[in-house]
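Report on the structure
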Amino acid sequence: MPGIDETLPFHPLNIAVLTVSDTRTMETDTSGALLADRLTGAGHHLAARAIVTDDVAAIRMQMQEWIANP
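Let me sum up the structure you'll find in this document. Everything numeric in this text was worked out from a predicted model, so none of it was measured.

Before going further, it helps to examine the overall build of the protein. Broken down by element type, the protein carries 2 helices and 2 strands. Its helices and strands taken in sequence order, the protein reads β-α-β-α from the N to the C terminus. Radius of gyration (C-alpha) of the protein: 15 Å, far over the 11 Å computed for a compact globule of 70 residues. Dimensions of the protein along its principal axes, counting C-alpha atoms only, are 45 × 30 × 20 Å. When the 70 residues of the protein are sorted by exposure, 20% land in the buried category. Sequence-distant contacts, at least 24 apart, represent 66% of the contacts inside the protein between residues at least 6 apart. By element, 59% of the accessible surface of the protein is carried by carbon and sulfur atoms, the whole surface being about 5600 Å².

If you want it as structure tokens, here you go:
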């Protein structure tokens, strides 16, 4: 049956949360905050969190920054 194999060791991941929105701020980004809380609650590391406007260039720039500076 598919699912999590509890016999395997847990390996925490570094995870970044990117919210794409023209209206949200860190204070009003409830979905980004929920994702960050859940991933840290599961034992993973929040590597970064950002909000960018709904613009391809802005999204690309944020992703390139995270890749260049892990």
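Turning to the side chain of glutamine 62, a few remarks are in order. Positionally, glutamine 62 belongs in helix 2 (residues 56-68). The exposure class of glutamine 62 is buried, given its relative accessible area of 13%.

Following the sequence through the fold, threonine 40 ends up in helix 1 (residues 30-41). Taking the C-alpha atoms as reference, threonine 40 lies 18 Å from isoleucine 51; in sequence the two are 11 residues apart. One polar contact links the side chain of threonine 40 to the main-chain carbonyl oxygen of alanine 36, over a distance of 3.0 Å.

Criteria and thresholds
- Residues numbered from 1 in each chain as written.
- Predicted model: local features only at pLDDT ≥ 70, side-chain atom pairs only at ≥ 80, totals over all residues.
- Heavy atoms only, no water.
- Helix = DSSP H or I, 4+ residues; strand = E, 2+ residues; numbered from the N terminus.
- Rg over C-alpha atoms; globule rule 2.2 N^0.38 Å.
- Buried < 20%, exposed > 50% of the residue type's maximum accessible area, 1.4 Å probe, protein only.
- Contact = heavy atoms within 4.5 Å.
- Areas by Shrake-Rupley, 256 points an atom, 1.4 Å probe, with all protein chains shown as cover.
- Polar contact = N/O pair within 3.5 Å; in protein donor to acceptor, adjacent residues only side chain to side chain.

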